[in-house]
Amino acid sequence: MIVYSQTLREFQDHILSNDIGNIIYRAYQEATGRSIAQTEIDTWQNSLGYMENVLQDAEISEDVAICIEYHIPQSAKRIDFIIAGRNEHYQEAIIIVELKQWSAAEPTSKDGIVTTYFRGRKIETTHPSYQALGYKELLESYNQTIEQEQILITACAYLHNYAPDNILNNDFYKIYTDKAPLFLKPDALKLRSFITSHIKYGDANKLMYRIDEGRLKPSKNLVDKLNSMLQGNSEFFMIDEQKLVFEQAIALALKSQTANKQVLIIKGGAGTGKSVIAINLLVKFQELELYSQYVTRNTAPRDVYFSKLTGSFKKTYVNELFKGAGSYHRLETDDLDALIVDEAHRLTEKSGVFGHLGENQIKEIINASKFTIFFIDEDQKIELRDIGDIQSIQDWAKKFKAQTHILELNSQFRCGGSNNYLDWLEDILQMKSSSEDLKILSLNYDFQVIDDPQTLHNLIQSKNTHNKARLVAGFCWDWQSKIDSELYDIQIGNYQARWNLAIDKNLWILKSDSVSEVGCIHTCQGLEVDYIGVIIGDDLIIRNNQVITQADKRSKDDRSIRGWKSQMENNPQLTLSQLDTIIKNTYKTLMTRGQRGCYIYCTDIQTQQYFKNLIQQFKE
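Thresholds applied
Residues numbered from 1 in each chain as written. Predicted model: local features only at pLDDT ≥ 70, side-chain atom pairs only at ≥ 80, totals over all residues. Heavy atoms only, no water. Helix = DSSP H or I, 4+ residues; strand = E, 2+ residues; numbered from the N terminus. Rg over C-alpha atoms; globule rule 2.2 N^0.38 Å. Buried < 20%, exposed > 50% of the residue type's maximum accessible area, 1.4 Å probe, protein only. Pairing = 2+ DSSP bridges. Contact = heavy atoms within 4.5 Å. Axes fitted to C-alpha atoms, helices over the stretch in contact; angles between N-to-C directions. Salt bridge = Lys/Arg side-chain N within 4 Å of Asp/Glu carboxyl O. Phe/Tyr/Trp six-rings, centres within 6.5 Å; stacked < 30°, edge-to-face > 60°. Lys NZ or Arg CZ within 6 Å of the ring centre and 35° of its normal. Disulfide = S-S within 2.5 Å.

Looking only at helices and strands, the protein features 21 helices and 23 strands. In terms of overall size, the protein behaves like a compact globule, its C-alpha atoms giving a radius of gyration of 26 Å where 620 residues would be expected to give roughly 25 Å. For the protein, the spread of C-alpha atoms along the principal axes amounts to about 75 × 60 × 50 Å. With 620 residues in all, the protein has 58% of them scored as buried.

In spatial order, the strands read β12-β11-β13-β14-β10-β15; together these 6 strands make up an open sheet with parallel pairing. In this open sheet, the two strands that pair with only one neighbour each are β12 (322-323) and β15 (403-409). Here strand β11 (residues 292-295) runs beside strand β13 (residues 336-341); their pairing, made up of 4 bridges, is parallel. Opposite Tyr294, over in β13, you have Ile340 as the bridge partner. Lying on the sheet, helix α10 (residues 241-255) is in contact with β10 (262-268), β14 (369-376) and β15; it crosses β15 at an angle near 165 degrees.

This part is about the environment of Leu222. You can see Leu222 is positioned in helix α9 (residues 222-230). In this structure the C-alpha to C-alpha distance between Leu222 and Gln608, which are 386 residues apart in sequence, comes to 33 Å. Not counting residues up to four positions away in its chain, the partners in contact with Leu222 are Met229, Phe236, Ser275, Val276, Ile279, Tyr305 and Glu528.

We now examine the pattern of salt bridges. Summed over all chains, the structure comprises 40 salt bridges. For Asp240, the salt bridge goes to Lys77, with nearest N and O atoms at 2.8 Å. Of this pair, Asp240 sits in the loop between α9 and α10 while Lys77 sits in the loop between β2 (65-71) and β3 (78-86), and the two are 163 residues apart along the sequence. Overall, the relative accessible area of 10% leaves Asp240 in the buried class. Note that Glu383 is salt-bridged to Arg297, the shortest N-O span being 3.0 Å.

So, on to the packing of aromatic side chains. Under the definition given, this model contains 18 aromatic pairs. Counting every residue linked through ring pairs, the aromatic cluster contains Tyr294, Tyr305, Phe306 and Phe322. Sitting above the plane of the Tyr531 ring, Lys463 keeps its charged end 4.7 Å from the centroid. In this structure, Arg498 is placed above the aromatic ring of Tyr488, and the distance from its NZ or CZ to the ring centre is 4.0 Å.

Our next topic: the environment of Cys602. Here Cys602 is to be found in strand β23 (residues 594-602). Taking the relative accessible area as the measure of exposure, Cys602 reaches 1% and is therefore buried. Distance in space between the C-alpha atoms of Cys602 and Val534 is 8.4 Å, their sequence separation being 68 residues.

Bringing the pairing of β23 into the picture now. Summarising burial for β23: 9 of the 9 residues are buried, a large majority. By the bridge criterion, 4 bridges tie strand β16 (residues 446-449) to β23 in an arrangement that is parallel. Across the sheet, the residue bridging to Val449 is Ile600, located in β23. Pairing analysis gives 7 bridges linking strand β20 (residues 529-536) to β23, with the strands arranged parallel. Looking at the pairing, Ile532 lines up with Cys598 of β23.

Before going further, it helps to examine the state of the cysteines. A complete count under the given rule lists 0 disulfides for this structure. As a non-bridged cysteine, Cys520 has Cys524 as the owner of its nearest cysteine sulfur, 7.1 Å distant. A residue is classified by how much of its surface remains accessible, and Cys520, at 2% relative accessible area, is buried. The thiol of Cys602 is unpaired, and the distance to the nearest cysteine sulfur, on Cys598, comes to 10 Å.

Leaving glycine out, the prevailing phi sign among residues is negative, and the prevailing peptide bond configuration is trans. The phi torsion at Arg119 lies on the positive side, around 50 degrees, for a residue other than glycine. A relative accessible area of 68% places Arg119 in the exposed class. At Lys401, a position not held by glycine, the phi torsion is positive, near 55 degrees. One can find Lys401 in the loop between α15 (390-399) and β15. A relative accessible area of 76% places Lys401 in the exposed class.

So, to be careful, I would describe these as geometric facts and stop short of saying anything about function.
Have a look at this one:
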């Protein structure tokens, strides 16, 4: 998404107005509907003048395009400064410039990581050249126009306040500074020379607008790249806090011992890259010869991973790498070097089919390993028996005298990279309140309310060009087809469909013909598609602008709230609160499975009309 785009001449005029910070702020508000901190406006005001000085060169055409705060498609990331035009051979090209106001930094022993001061405190962050490379990688990964039209992209970093001190340009970071050159305080002329070597002539054909409006590549999916990743290939360039988490986990794994147990808790919402980091860590730990395993209670992701790896790796090897959460009550203390627990919010107390084994999965996992990583999103608990939360993990870590660390992932790489959409969804479901008017329709995410379930299903089938579109529903219909495959489970007026589990079970998301079936929370949590269709059942309705959840509208076959009636007799207030959270979490999870779009239909007429009215209000 383009926030600010002008010719170099127009950009220079805006600099001369001495109001460039507010000019960009107004453009940002218009494009996103959101406000921004004064500190960021001040940053624009202070830094952009330095870039204007660099660009005052007769060899650079006044018609080159200047693009500021460009939102990279399919991510929540923004590029500080882009120069677009043509090189001396008239090839179209862009230069990504990562601008920093740093004046000091310190090295670390972690790959691509430095420390600096931010808002008065010392923090670890990615090296500016690494950051610039990451944005280049994201842009190339998502945009077909760049590849098809052979647009050249280069990246660099400019720290106009930073005096050379052999830290940022140390050989330790050379792998990144070679690919994205680093320019410091005295290097303005060098940066100008770098720019003129890549861009000389004007932007004749609105290059950045063509890129922004161009076709996106099929989404890069963890499931599709899993085989390659386990063979040691780098498939996902980890961005900003993803890289910080990855390097911190490696550092802790290497120092963890029986007498020095470590626990790392990583908070992150849907689409922040938790599973990608988890698999990358699994590969890295194998490379470091650490006895490690990937753990998840959800069977659907594991079954999908097994299916994808079949034929490339021995079954015994795959079975040893990927484990269910209930397999650790039998292990001795510190049997493993590292355990990587994905979807930690889904952990339970008891294990086993009948829930009669072990004591507590959090306790048993920490006990079994010198180092444990918990990836967690407390807003994705979808069963009454889910106990995974940050406080419980901290409490058990303390009992084992393990040192606890907490990191957070915020950047969104699903839902069109739209944090606005996620905020809006939580606001609408009344999970959290927002103080802002969330302008979701202005962002690059396709959200629609569809008039009837058959039209919704037809739309999903039309979007299934890469086998990455699926229809899901709240579990409000009994699973009749499990007993008689001729029966339909979901019947709404003239529309009828079957649940997916009867034939494909947890591999439903992979089977191309399963787009004719309907999935549920149990077969899609932890997985993603490009487009998701969601049938919202009568377990969630809206009356007088209030979200009302109705557990009694759930199917008797839904195990997620099994036993709720007996719990109501003992503690009705707590049980109602838990049920409300579970139903809202379920629909939030379902409605965030799509990387590019979400289409919904509500069985309740008033709820359907409520969503349609919301969309209409945004359009108006």
